[in-house]
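# Structural characterization, general
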Amino acid sequence: MEKSVYIIILNWNGWRDTIECLESIKSLKYQNYKLVIIENGSTDSSFEKLLDWIRKNNLKINIINKDLFDNKKNINSEKYTLIKCSENLGFAKGANLGIQYSINAKADYVWLLNNDTIVTKNSLQLLLNSFSINADYVGLTPKILMNDDPNLIWSIGCYFNWYGGLKRNLN
């Protein structure tokens, strides 16, 4: 059976970018993924715009209010989950909320994406292939291209030491 991947995206006042990211995710060839959107206390109409997009695409979604959130009880089988936060948790705490949800849902892998990311149809499969041929890897970063000039590489990752320190950026 294919490994399950939970894709986590944080949104804060960036619904246009988030929807563009979601559109690109729909094109992924690898289909054993679930999507967790953290609506991180936006002060614009992001929540409503994301719900409109979800409805227009006829997607079944689990909507969770973070204030009523119980990480073990709110897990369900829907492909899409939207966790609505009443305040901006910041990136790390918001990402950790999505990661904890994914772990409790028994995800094999977690893919953390910025909301302004556009994925290619093979990107998830290529990442998973890298894990299968490099058993010592515990995390990966794909090659990241500039959105306005896809011929220009923005980053090809970095090395971290066990203490969390960045050793070398590989742009």
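What you are looking at is a predicted structure, and each value in this text was computed from that prediction instead of being measured.

### Considering the overall build of the protein chain
In terms of regular secondary structure, the protein chain is built from four helices and nine strands. Counting from the amino terminus, helix and strand elements in the protein chain follow one another as β-α-β-α-β-β-α-β-α-β-β-β-β. Taken across its 171 residues, the protein chain has 37% of its residues classed as buried. A total of about 10,700 Å² of accessible surface is found on the protein chain, and carbon and sulfur atoms cover 51% of it.

### Notes on the pattern of salt bridges
Opposite charge on two side chains makes pairing possible when the charged atoms of those side chains draw close. Tallied over the full model, the rule gives one salt bridge. Residues E23 and K26 are paired through a salt bridge, measuring 3.4 Å at the closest nitrogen-oxygen approach. Assessed through its relative accessible area of 36%, E23 is described here as partly exposed. Its relative accessible area of 35% is what places K26 among the partly exposed residues.

### Some words on helix α3 (residues 90–104)
For the α-helix, the turn length of 3.6 residues means that residues three or four positions removed from each other point alike. Taking 1.5 Å per residue as the helical rise, α3 with its 15 residues ought to reach 21 Å, and the 21 Å between its terminal C-alpha atoms agrees with that figure. Among the residues making up α3, those that are buried are G94, A95, L97, G98, Y101, S102 and N104. Once α3 finishes, K106 follows within two positions and takes phi at roughly 70 degrees, a positive value.

### Some points on the packing of helix α1 (residues 15–25) against helix α2 (residues 46–56)
Contact pair α1 / α2: the axes reach a minimum separation of 9 Å and the direction vectors enclose 25 degrees. Put simply, α1 runs roughly parallel to α2. At the point where α1 passes α2, the crossing takes the right-handed sense. Seen from α1, the contacting residues are W15, T18, I19, L22 and E23; seen from α2, they are S46, K49, L50 and W53. Across the contact of α1 with α2, the residue classes break down as five nonpolar, two polar and two charged.

### Structural notes on the sheet that holds strand β3 (residues 61–65)
What the five strands build is an open sheet, ordered β3-β4-β2-β1-β5; its pairing is parallel. A single partner strand is all that each edge strand has here, and the edge strands are β3 and β5 (109–113). Averaged over all neighbouring strand pairs, the angle between strand axes comes to 20 degrees, with direction disregarded. Bridge count for strand β1 (residues 5–11) against strand β2 (residues 33–40) is seven bridges, and the pairing is parallel. Counted as the bridge partner of N11 is E39 from β2.

### Let's talk about the side chain of N40
Mapped onto the fold, N40 is located in strand β2. A polar side-chain atom of N40 sits 3.3 Å from the main-chain carbonyl oxygen of G90. Not counting chain neighbours up to four residues away, the residues in contact with N40 comprise L10, N11, W12, C85, E87, N88, L89 and G90.

### Brief notes about the nonpolar core
I7, I25 and W111 are the most contacted members of the largest nonpolar core, which has 26 residues in total. Counting only elements with at least two residues in this core, the list comes to β1, α1, β2, α2, β4 (80–85), β5 and α4 (123–133). Apart from residues no more than four positions distant in its own chain, I7 is found in contact with I25, L28, Y33, K34, L35, V36, W111 and L113. Counting residues in each nonpolar core, the second largest holds 13 residues, with I64, I83, L89 and A105 among its members.

### Digging into the confidence of the model for the protein chain
When pLDDT is averaged along the protein chain, the result is 87, and 86% of the positions lie at 70 or above. By mean pLDDT, strand β9 (residues 166–169) is the weakest element of the protein chain at 54, and β1 is the strongest at 97.

### Some thoughts on a nonpolar patch on the surface
The grouping of L145, I153 and I156 at the surface amounts to a nonpolar patch, some 250 Å² of accessible area in total. Of note, L145 is situated in strand β6 (residues 144–145). Judged by relative accessible area, L145 falls into the partly exposed class, the value being 38%.

Thresholds, definitions, all that
- Residues numbered from 1 in each chain as written.
- Predicted model: local features only at pLDDT ≥ 70, side-chain atom pairs only at ≥ 80, totals over all residues.
- Heavy atoms only, no water.
- Helix = DSSP H or I, 4+ residues; strand = E, 2+ residues; numbered from the N terminus.
- Buried < 20%, exposed > 50% of the residue type's maximum accessible area, 1.4 Å probe, protein only.
- Areas by Shrake-Rupley, 256 points an atom, 1.4 Å probe, with all protein chains shown as cover.
- Salt bridge = Lys/Arg side-chain N within 4 Å of Asp/Glu carboxyl O.
- Expected span 1.5 Å × (residues − 1).
- Axes fitted to C-alpha atoms, helices over the stretch in contact; angles between N-to-C directions.
- Parallel < 35°, antiparallel > 145°, perpendicular 65-115°, else oblique.
- Left-handed = near helix turned anticlockwise from the far one by under 90°.
- Contact = heavy atoms within 4.5 Å.
- Nonpolar A, V, L, I, M, F, W, Y, C, P; charged D, E, K, R; others polar.
- Pairing = 2+ DSSP bridges.
- Polar contact = N/O pair within 3.5 Å; in protein donor to acceptor, adjacent residues only side chain to side chain.
- Core = buried A, V, L, I, M, F, W, Y, C linked by side-chain atoms within 4.5 Å.
- pLDDT = per-residue confidence, 0-100.
- Patch = residues over 30% accessible without salt bridge, like charges linked within 9 Å, V, L, I, M, F, W, Y side chains within 5 Å.

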